[in-house]
Amino acid sequence: MKRTITRLADGRELFYFDRRDDADRSAADERDLPPRPVASELRYDPLTEEWIAVAGHRQDRTFLPPASECPLCPSAPGRPTEIPSPSYDVVVFENRFPSFSANLGTYSQVGGLSEVRPGVGRCEVVCFTPEHDSSFAELSPGRVELVMEAWIDRTAELSATPGVEQVFCFENRGAEIGITLAHPHGQIYAYPYVTPRTRLSLDAARRHRERTGGNLFADVLAAEREAGIRVVAANEHWTAFVPAAARWPVEVHLYPHRQVPGLGALDRAERAAFGPLYTEVLRRLDGLFGVPMPYVSAWHQAPVNIGRELSYAHLELFSIRRAPDKLKYLAGSESAMGAFVNDVLPEETARRLRAVITK
């Protein structure tokens, strides 16, 4: 793998990840871009003990442009984009409209019981392919490995950034999910705090260890593999299963068979085995209702400074589609109380996903 670092016209970093060492990435970004926005402000909610990012500049971000104006396609004569090169394998660059950044502004206290502090951190965009009309499910095993190397590279570098407490690699796919760009891409958030979901999971894992001496995530995986009824697919190094208490109508978790805190700890065989299984699961999702499945794909890795011995890197994949023409909306119970009601039996979801014929 070859990594090439360059900068965009407004100073943001861009990383090319190439399979060939002779790839030419000398093209420069000659656009006239406005100054970069200052970092968001974080406001503390004393009722939930959570930090909320307020990033007003994101109201102006690009929203569902036509393919001819896609900022994630390679640049072409007369049509410069976020990627100056006329071609690429995998690209990562700093988000033009970040939720967190190191470009600090001036922050004032708002009074009451809420504390305000800068939204220090970083947000990056990961372009999986130059093909605008492709998808992650269509990537070759080699391309998936290259994407994984980019995730690993960026996780390591961002984790070493002052103020960063957690690095989160994810993909949003589909208009129903709320994407603003249709080009196949994901994002990486470097948070200045440990996220609420991760804190809950680590607290549960700590209590489980105190009760049983075991690792909660490893024990969940072992139980699902033994039960078998919710397993969707598996190979020598990974298992994909629908969790017994799935929140979403379509939800699949992918676990490596060995406990590691993050993607960087996976060995070569584990990295190579991920792509074929993951893209198979994605094709099963697309085949479930005969339409492209909108989804969120979320990597759970250990925080930078806490809970690393309890963590177990894994991927959680879920969709709001519950039928070909129906979506699962987060209404009163889910949105107001955080109490999920799933309309679909997890065992039935697993059975139907196993029955999908994949190419």
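Scroll up a little and you will see the structure.
Residues numbered from 1 in each chain as written. Predicted model: local features only at pLDDT ≥ 70, side-chain atom pairs only at ≥ 80, totals over all residues. Heavy atoms only, no water.

S.K.: It is not clear to me how the packing of helix H2 (residues 196-212) against helix H3 (residues 216-227) should be interpreted in this structure. Could you clarify?
M.R.: Two packed helices can be described by the angle between their axes and the distance between those axes. Two elements in contact, H2 and H3, have axes whose closest approach is 8 Å; the angle formed by their N-to-C orientations is 80 degrees. Considered as vectors, H2 and H3 are oriented roughly perpendicular to each other. Contacts from Ser201, Ala204, Ala205, His208 and Thr212 in H2 reach Leu216, Phe217 and Asp219 in H3. (Axes fitted to C-alpha atoms, helices over the stretch in contact; angles between N-to-C directions. Helix = DSSP H or I, 4+ residues; strand = E, 2+ residues; numbered from the N terminus. Parallel < 35°, antiparallel > 145°, perpendicular 65-115°, else oblique. Contact = heavy atoms within 4.5 Å.)

S.K.: Would you mind going over the pairing of strand S11 (residues 238-241) with me for this structure?
M.R.: A regular strand places its side chains on the two faces of the sheet in alternate fashion. Here S11 shows two buried faces, one formed by Trp238 and Ala240 and the other by Thr239 and Phe241. Hairpin connection of strand S10 (residues 231-234) to S11: three residues between the antiparallel strands. Here S11 pairs with strand S12 (residues 250-256) via four bridges, running antiparallel. Bridge pairing in S12 places tryptophan 238 opposite proline 256. (Buried < 20%, exposed > 50% of the residue type's maximum accessible area, 1.4 Å probe, protein only. Pairing = 2+ DSSP bridges.)

S.K.: Looking at this structure, I do not really get empty space enclosed by the protein. What am I missing?
M.R.: Which parts of space are left empty comes out when a probe the size of a water molecule is rolled across the atoms. Under the counting rule described, the total for this entry stands at one cavity of 30 Å³ or more. The space that makes up the largest cavity amounts to roughly 50 Å³. The wall of the largest cavity is formed by Phe128, Phe136, Trp151, Phe170, Glu171, Tyr278, Ser297, Trp299 and Leu315. Mapped by element, the contributors of at least two residues to the lining of the largest cavity are strand S8 (166-173) and strand S13 (295-300). (1 Å grid on protein atoms, 1.4 Å probe; cavity = no way out; pocket = protein on both sides within 12 Å on 5 of 7 lines; lining within 4 Å. Points joined across faces, edges and corners; volume = space filled by probe spheres on them.)

S.K.: Before we go on, may I ask you to explain the packing of aromatic side chains in this structure?
M.R.: Here a ring pair, both rings aromatic, is described through the centre-centre distance and the interplanar angle of the planes. A full pass over the atoms with the stated rule returns 21 aromatic pairs. Centroid distance phenylalanine 168 to tyrosine 191: 6.4 Å. Interplanar angle 25 degrees. Geometry classified as stacked. In this pair, phenylalanine 168 is assigned in strand S8 and tyrosine 191 in strand S9 (residues 185-191), connecting sequence segments 23 residues apart. You'll find phenylalanine 168 and tyrosine 191 in the same group, each marked buried. Ring geometry for tryptophan 238 versus phenylalanine 274: centroids 5.1 Å apart, planes at 55 degrees, classification tilted. Placement of the pair is tryptophan 238 in strand S11 and phenylalanine 274 in helix H4 (residues 268-288), with a sequence separation of 36 residues. Taking the relative accessible area as the measure of exposure, phenylalanine 274 reaches 0% and is therefore buried. Through a chain of ring-to-ring contacts, the aromatic side chains of Phe128, Phe136, Trp151, Trp238, Phe274, Tyr278 and Trp299 assemble into a single cluster. (Phe/Tyr/Trp six-rings, centres within 6.5 Å; stacked < 30°, edge-to-face > 60°.)

S.K.: Before we go on, may I ask you to explain the pattern of salt bridges in this structure?
M.R.: Side-chain pairing between opposite charges can occur once the charged atoms of the two side chains come close. Across all of its chains, the model carries 34 salt bridges by this definition. A salt bridge links arginine 206 to aspartate 203; the shortest N-O distance between them is 3.2 Å. Here aspartate 203 and arginine 206 lie together in helix H2, a separation of three residues that amounts to about one turn. What makes arginine 206 partly exposed here is its relative accessible area of 29%. For aspartate 203, a relative accessible area of 33% corresponds to the partly exposed category. (Salt bridge = Lys/Arg side-chain N within 4 Å of Asp/Glu carboxyl O.)

S.K.: Before we go on, may I ask you to explain the environment of arginine 96 in this structure?
M.R.: Here arginine 96 is to be found in the loop between strand S5 (90-94) and strand S6 (116-118). Residue arginine 96 is classed as partly exposed on the basis of its relative accessible area of 27%. In this structure the C-alpha to C-alpha distance between arginine 96 and threonine 198, which are 102 residues apart in sequence, comes to 27 Å. Arginine 96 has contacts with Arg12, Leu33, Pro34, Pro37 and Glu82, leaving out every residue within four places of it along the chain.

S.K.: How should the nonpolar core be read in this particular structure?
M.R.: For soluble globular proteins, the rule of thumb is that nonpolar side chains tend to be buried together. Within the largest apolar cluster, 53 residues are counted, with the highest numbers of intra-cluster contacts made by Phe136, Trp151, Leu254, Phe274, Tyr278 and Trp299. The residues touching phenylalanine 136, leaving out its near neighbours within four places in the chain, are Phe128, Val144, Val147, Trp151, Glu171, Tyr278, Thr279, Leu282 and Tyr295. (Core = buried A, V, L, I, M, F, W, Y, C linked by side-chain atoms within 4.5 Å.)

S.K.: Looking at this structure, how should I read unusual backbone geometry?
M.R.: With glycine set apart, most residues show a phi of negative sign, and most peptide bonds adopt trans. The phi angle at glutamate 49 is positive, at roughly 60 degrees, despite the residue not being glycine. Counting through the fold element by element, glutamate 49 comes out in the loop between strand S3 (41-45) and strand S4 (50-54). A relative accessible area of 62% places glutamate 49 in the exposed class. One non-glycine residue, leucine 64, lies in positive phi territory at about 45 degrees.

S.K.: What is the right way to read the sheet that holds S9 from this model?
M.R.: Paired through backbone hydrogen bonds, the strands of a sheet run either parallel or antiparallel to each other. The strand order S1-S2-S5-S7-S9-S8-S13-S14-S12-S11-S10 describes an open sheet built from 11 strands, whose pairing is antiparallel. Single-partner strands in this sheet number two, and they are strand S1 (2-7) and S10. Neighbour-to-neighbour, the strand axes of this sheet turn through a mean angle of 20 degrees, independent of strand direction.

S.K.: What am I meant to see in H2 here?
M.R.: In an α-helix, one turn spans 3.6 residues, which is why side chains three or four residues apart end up on the same side. Between its terminal C-alpha atoms H2 stretches 24 Å, which fits the 24 Å expected from 17 residues at 1.5 Å a residue. When we look at burial in H2, the residues that qualify are Thr198, Leu202, Ala205 and His208. Projected onto a plane normal to the axis of H2, the buried residues spread over an arc of 120 degrees and lie on a single side. The exposed residues of H2 that point more than 90 degrees off its buried face are Leu200, Glu210 and Arg211. Where H2 is buried, its residues touch S8 and H3. The positive-phi residue at the C-terminal boundary of H2 is glycine 213, with phi of around 85 degrees. (Expected span 1.5 Å × (residues − 1). Arc of directions from axis to C-beta.)

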